[in-house]
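Residue-level structural notes
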Amino acid sequence: DTAVSQTPKYLVTQMGNDKSIKCEQNLGHDTMYWYKQDSKKFLKIMFSYNNKELIINETVPNRFSPKSPDKAHLNLHINSLELGDSAVYFCASSQDWQGNNSPLHFGNGTRLTVT
Amino acid sequence: QQPVQSPQAVILREGEDAVINCSSSKALYSVHWYRQKHGEAPVFLMILLKGGEQKGHDKISASFNEKKQQSSLYLTASQLSYSGTYFCLKNTGGFKTIFGAGTRLFVKA
């Protein structure tokens, strides 16, 4: 059974389009995250939800909007895609907020390519 | 502020040892270590929660020096499967956690 699953695995789209990435975890964790990994491999946190409540919203353009319908799901919607949005987006979850020292469990990533 | 990892990259032959360091300019409350293989997701290795703590996972171990605000990851008798990028994640308290830039490790036969 996959612990953290995200879809799609690959996403190729044109500038200006709107796209969504979905994430689900079956670990019973309270906290979910979106990370962006750029071409230099740097992992940057974008958003974090704890029990459906947004607790971290880093400096991310308004074009990115997360939604958590329940604590097992965290989706990411991106409007008006730009070339610079091309990256690998990872969903992750943890038992508690990672500041309380819970390990992160990552999904397999979504490679977004904007042309 | 991003923790500083060193070295940025290292090439080993099978059986050799390596040390990867992670240091912070601010006090560290805890440090996580993750490994990411090419094309895969990062995988959790271990957490160090307090100064002086040491942990081991197979032939990979780590230490946490609270005073020096750094953690070190030790890879002993490296295997081909150890190849990948190693990240530390620092927790400086509150909601603030941030990954280091990563250390690329390549083990060759």
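Our subject in this report is the structure included herewith. (Residues numbered from 1 in each chain as written. Chains lettered and ligands numbered in written order. Predicted model: local features only at pLDDT ≥ 70, side-chain atom pairs only at ≥ 80, totals over all residues. Heavy atoms only, no water.)

**Some remarks on the overall build of chain B**
- When its secondary structure is counted, chain B shows zero helices and eleven strands.
- Relative to its length of 109 residues, chain B is compact, with a C-alpha radius of gyration of 13 Å against a globular reference of 13 Å.
- Relative to all contacts within chain B whose residues are 6 or more apart in sequence, the contacts with residues 24 or more apart total 55%.
- Working note: accessible area of chain B is about 5500 Å², and carbon and sulfur atoms make up 51% of it.
- Across chain B, the mean location of the 13 positive side-chain charges is 9 Å away from that of the 7 negative side-chain charges. (Helix = DSSP H or I, 4+ residues; strand = E, 2+ residues; numbered from the N terminus. Rg over C-alpha atoms; globule rule 2.2 N^0.38 Å. Contact = heavy atoms within 4.5 Å. Areas by Shrake-Rupley, 256 points an atom, 1.4 Å probe, with all protein chains shown as cover. Lys, Arg positive; Asp, Glu negative; His and termini not counted. Charge placed at Lys NZ, Arg CZ, Asp CG, Glu CD.)

**Concerning the interface of chain B and chain A**
- The partner chain A presents 20 residues to the 22 residues of chain B that form the contact.
- Carbon and sulfur atoms supply 58% of the area that chain B and chain A bury against each other, a total of about 1800 Å² over both sides.
- Inspection of the chain B/chain A interface yields zero salt bridges.
- Linking chain B with chain A are two residue pairs in polar contact (both at pLDDT 80 or more). (Buried area = accessible area lost by both parts, 1.4 Å probe. Salt bridge = Lys/Arg side-chain N within 4 Å of Asp/Glu carboxyl O. Polar contact = N/O pair within 3.5 Å; in protein donor to acceptor, adjacent residues only side chain to side chain.)

**Regarding the environment of B:Gln69**
Residue and element names in this part refer to chain B.
- Here Gln69 lies in the loop between strand S7 (60-65) and strand S8 (70-75).
- When the C-alpha atoms of Gln69 and Ser25 are compared, they prove to be 7.2 Å apart, with 44 residues separating the residues in sequence.
- What Gln69 contacts, discounting residues up to four positions off in sequence, is Cys22, Ser23, Ser24, Ser25, Lys26, Ala27 and Leu28.

**Structural notes on the state of the cysteines**
- Taken as a whole and assessed by the stated rule, the structure comprises two disulfides over all chains.
- In this model A:Cys23 forms its disulfide with A:Cys91; the gap between the sulfur atoms is 1.9 Å. Handedness here is read from the sign of the S-S torsion; for A:Cys23 and A:Cys91, about -75°, the answer is left-handed. Here A:Cys23 is found in strand S3 (residues 19-25), whereas its partner A:Cys91 is found in strand S9 (residues 87-94), with 68 residues between them in sequence. Grouping residues by exposure puts A:Cys23 and A:Cys91 together as buried.
- Note that B:Cys22 is cross-linked by a disulfide to B:Cys88, the S-S spacing being 2.0 Å. Residues B:Cys22 and B:Cys88 are joined through a disulfide that is right-handed, its torsion about the S-S bond being 70°. With B:Cys22 in strand S3 (residues 18-23) and B:Cys88 in strand S9 (residues 84-91), this residue pair connects regions lying 66 residues apart in the sequence.
- On the basis of relative accessible area, B:Cys88 is assigned to the buried category, the value being 0%. (Disulfide = S-S within 2.5 Å. Buried < 20%, exposed > 50% of the residue type's maximum accessible area, 1.4 Å probe, protein only.)

**Section: the side chain of A:Thr13**
- Inspection of the secondary structure assignment puts A:Thr13 in strand S2 (residues 10-13).
- Within the structure, A:Thr13 has its side chain in polar contact with the side chain of A:Asn17 (distance 2.9 Å).

**Thoughts on the packing of aromatic side chains**
- Throughout the structure, instances matching the rule amount to ten aromatic pairs over all chains.
- Note on A:Tyr33 and A:Tyr35: the rings are 6.2 Å apart at their centroids and 40° apart in plane angle, and the pair reads as tilted.
- Between the aromatic rings of B:Phe87 and B:Phe99, the centroid separation amounts to 6.1 Å while the plane-to-plane angle is 80°, which identifies the pairing as edge-to-face. Remark: B:Phe99 occurs in strand S10 (residues 97-99) and B:Phe87 occurs in strand S9; sequence separation between them is twelve residues. You'll find B:Phe87 and B:Phe99 in the same group, each marked buried.
- One aromatic cluster is present, built from ring pairs that chain together A:Tyr33, A:Tyr35, A:Phe90, A:Phe106, B:Tyr34, B:Phe44, B:Phe87 and B:Phe99. (Phe/Tyr/Trp six-rings, centres within 6.5 Å; stacked < 30°, edge-to-face > 60°.)

**Looking at the pattern of salt bridges**
All names here are of chain A.
- The tally for this structure, following the rule as stated, stands at three salt bridges over all chains.
- In this structure, the salt-bridge partner of Asp85 is Arg63, at a minimum N-O distance of 2.8 Å. Highlighted residues: Asp85 in the loop between strand S8 (73-78) and S9 and Arg63 in the loop between strand S6 (53-57) and strand S7 (64-70), separated in sequence by 22 residues. Residues Asp85 and Arg63 agree in their burial class; the two are buried.
- Put simply, Arg63, Glu82 and Asp85 are held in one network by salt bridges that share partners.

**Remarks on the pairing of strand S11 (residues 110-114) of chain A**
All names here are of chain A.
- Only one face of S11 is covered, namely the face carrying Thr110, Leu112 and Val114; the face carrying Arg111 and Thr113 is uncovered.
- Inspection of the sheet shows S2 paired to S11 by four bridges, in the parallel sense. Across the sheet, residue Leu11 finds its bridge partner in S11, namely Leu112.
- Where S9 and S11 come together, three bridges link them in antiparallel fashion. Bridge pairing in S11 links Val88 to Arg111. (Pairing = 2+ DSSP bridges.)

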